[in-house]
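Descriptive analysis of the structure
Okay, here's what each chain looks like letter by letter:
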Amino acid sequence: MRQAGLIAGAAATALVAAGAITYAVAGDEGSSGAVPSAASADAGFARDMAVHHQQAVEMSYVVRDRTDDEEVRRLAYDIAQTQANQRGMLLGWLDLWELPKVSADPPMTWMGMGDAASGEDGALMPGMATNTEMKRLGSLSGERAEVFYLQLMTDHHKGGVHMAQACVRACEVAVEKRLARGMVEGQESEIALMAGMLEERGAAARP
């Protein structure tokens, strides 16, 4: 029941965040109305988090095909739906601002951490799974797939929380700051949930 409640809470957070798109299209209240620049934290966060979210969606659909465990499948579905929806919002804002969806600068430059994103083996940002890890996830099944997914997604969420916290501090568009704050709350809740799910399977998050 505790886990079901946490999942429901995360889903509710996602629905609240999704409602924010109405404000984004209508006009961002509480701001000057100025469009962010391509080098702004607002644009950088939208670009980077869209990429970050896409991998979470991919991982979640992979594990849903690798296990019959309803708890893991439900969590994976919730994460995929939430992050696909948020990704659409972020890309929609870039369209609204008439800004490019890609940048010549390294990921996380807007955070002053461009040198931290090495892109090694496809992991473009901290917390992201490597190509090797994604391939391994697709080769596992049953409880082994569940544990590896939960470990990968815990790392992924930690990286996402770090980025979202940076947007809360540095972004200037009010609706985007609210979305980032919702990401922090939702993903921290899911990190706690996944810790319990790993413990039930005799495992733990990676150090």
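This text goes with the structure placed above it.
Let us look at the structure shown here. The residue count restarts for each chain, going from 1 along the sequence in the order it is written. In keeping with the model being predicted, local features are shown solely for residues with a pLDDT of at least 70 and side-chain atom pairs are shown and tallied solely at 80 or more, while totals for entire chains, interfaces and linings include all residues. Calculated side-chain values reflect all of the structure's heavy atoms, with hydrogen atoms and water omitted.

Comments concerning the overall build of the protein chain
The number of helices and strands found in the protein chain is 6 helices and 0 strands. Where helices and strands are cited, they refer to DSSP runs of H or I of at least four residues and of E of at least two residues respectively, numbered from the N terminus. Along the chain direction, N to C, the helices and strands of the protein chain fall in the order α-α-α-α-α-α. Looking at the 207 residues of the protein chain, the share that counts as buried comes to 50%. Only heavy atoms enter the contact rule, under which two residues are in contact if any of them lie within 4.5 Å. Looking at the protein chain alone, contacts between residues at least 24 apart form 76% of all its contacts between residues at least 6 apart. Relative accessibility thresholds used throughout: buried, under 20% of the residue-type maximum; exposed, over 50%; partly exposed, between the two (1.4 Å probe, protein chains only).

Side note on the packing of aromatic side chains
Centre distance within 6.5 Å is the pairing criterion for rings of Phe, Tyr and Trp, where only the six-membered ring of Trp is used; planes under 30 degrees apart are then read as stacked, over 60 as edge-to-face, and the remainder as tilted. Counting across every chain of the model gives 2 aromatic pairs. Between F45 and W110, the ring centres sit 5.8 Å apart and the planes meet at 75°, which makes this aromatic pair edge-to-face. Residue F45 is found in helix α2 (residues 41-64), and its partner W110 is found in the loop between α3 (70-96) and α4 (131-139); the two are separated by 65 residues along the sequence. For F45, a relative accessible area of 0% gives the class buried. With centroids separated by 6.4 Å and ring planes inclined at 20°, the aromatic side chains of W93 and W97 adopt a geometry described as stacked. Put simply, a charge is over a ring when the Lys NZ or the Arg CZ is close to the ring centre, within 6 Å, and near the line of the ring normal, within 35 degrees. One Lys or Arg, R136, reaches over the ring of F148 and ends 4.2 Å from the middle of that ring.

As for the pattern of salt bridges
In the sections that follow, a salt bridge refers to a side-chain nitrogen of Lys or Arg positioned within 4 Å of a carboxyl oxygen of Asp or Glu. A full pass over the atoms with the stated rule returns 8 salt bridges. Note that D95 is salt-bridged to K101, the shortest N-O span being 2.4 Å. For D95, a relative accessible area of 46% gives the class partly exposed. Judged by its relative accessible area of 38%, K101 falls in the partly exposed class. Its salt-bridge partner being R206, residue E133 comes within 3.0 Å of it at the nearest N-O pair. In this pair, E133 sits in helix α4 while R206 sits in the segment after α6 (174-200), placing the two residues 73 residues apart along the sequence. Since its relative accessible area comes to 27%, R206 is described here as partly exposed.

These values are about where atoms sit, not about what they do.
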